[in-house]
Amino acid sequence: MPVSIFASVLNLRFDEPALQRFAETDGYGYKTGNLQELKKLVDVFNEGEHPLKVQVPDFVGIQSGQIVAALEKVQFKVLDEWKKVLATLTAANQEEVRKSKQLPEKFWEAQKAFVVKLRKAFKTLETTRKDNPFGLSDEQQAMLEKLFKDAQSDKLMVRSTGKEDTRKLANAGGNESIANVAPTMSAVLKAAEEVVVSYFGEKSLNQRLGLGDTTLFAEEVFCPVLVQRMIGEREG
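To keep things clear, this report deals only with the structure shown in the data block. (Residues numbered from 1 in each chain as written. Predicted model: local features only at pLDDT ≥ 70, side-chain atom pairs only at ≥ 80, totals over all residues. Heavy atoms only, no water.)

## Here we look at the packing of aromatic side chains
Per the stated rule, a full pass over the model turns up seven aromatic pairs. The rings of Phe76, Trp82, Phe107, Trp108, Phe114 and Phe200 are connected pair by pair, giving a single aromatic cluster. Its guanidinium or amino end placed over the ring of Phe222, Lys163 lies 5.0 Å from that ring's centre, counting from NZ or CZ. (Phe/Tyr/Trp six-rings, centres within 6.5 Å; stacked < 30°, edge-to-face > 60°. Lys NZ or Arg CZ within 6 Å of the ring centre and 35° of its normal.)

As structure tokens, this is what we get:
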């Protein structure tokens, strides 16, 4: 590859304030945010006078707020229910957990009950809001339908895209990503269930605790989903 092409790559930089705004304020999460910024850089790179062209696999982000609102429409208030789990720990309990790096049994009992209710809410979404279960905008819906059409010969990846992948918190592998998802709304909804459940799962919570995540006991939920086309990977 010519040196001039390397130079053009090195001169491109992520817009970090825009990334944080898109990922956190808009609620798309950092995997989606990183892809969004990468796509901007690739578009600029491809305009350069060189023979190399780069493409970012198509993707659609689903905001945390859209997930929360969809679940509320089937009578599951995610934040209220998660607060009940957090309420099993007093301030003194939380301090002890931070020191010991172990969550007590009473917390896990409440967490398991929360997950059962969350999965039940997703099952209700599957039967009552089939066409647009997440209340996507017209633009998002059009992008997703195009993704379904273009991915007929491939598969989709439905990924977690929370506040991991930041300089403050890596949490690599803490949340689920589901590969080889069929390009249909039903399949995406089922995979999204696994992703959203994983944000509140034992693996993610224990990993965040071990990493010293200061937001672990914050009364907030953040559970966006990323749908992305898989390139060159098929079942079997």
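Let's pick the thread back up.
## Topic: the environment of Thr88
Along the chain, Thr88 turns up in the loop between helix H5 (78-86) and helix H6 (91-100). Taking the C-alpha atoms as reference, Thr88 lies 9.3 Å from Pro104; in sequence the two are 16 residues apart. Here Thr88 is in contact with Asn93, Lys106, Phe107 and Ala110, once residues within four sequence places are set aside. (Helix = DSSP H or I, 4+ residues; strand = E, 2+ residues; numbered from the N terminus. Contact = heavy atoms within 4.5 Å.)

## Structural notes on helix H4 (residues 64-72)
Within the sequence span of H4, burial applies to Ser64, Gln66, Ile67, Val68, Ala70 and Leu71. Contacts from the buried residues of H4 go to strand S1 (59-62), H5, helix H7 (105-128), helix H8 (138-150), helix H9 (185-199) and strand S4 (225-230). (Buried < 20%, exposed > 50% of the residue type's maximum accessible area, 1.4 Å probe, protein only.)

## Digging into the packing of H5 against H7
Relative orientation of the contacting elements H5 and H7 amounts to 160°, with a least axis distance of 8 Å. Taken together, the axes of H5 and H7 are roughly antiparallel relative to one another. Like other packed secondary-structure pairs, H5 and H7 cross with a definite hand, here right-handed. Side by side, H5 and H7 meet where Val78, Glu81, Trp82, Val85 and Leu86 of the first sit next to Phe107, Ala110, Gln111, Phe114 and Lys117 of the second. Per-class residue counts for the contact of H5 with H7 are seven nonpolar, one polar and two charged. (Axes fitted to C-alpha atoms, helices over the stretch in contact; angles between N-to-C directions. Parallel < 35°, antiparallel > 145°, perpendicular 65-115°, else oblique. Left-handed = near helix turned anticlockwise from the far one by under 90°. Nonpolar A, V, L, I, M, F, W, Y, C, P; charged D, E, K, R; others polar.)

Limitation: the analysis is restricted to geometry and does not speak to function.
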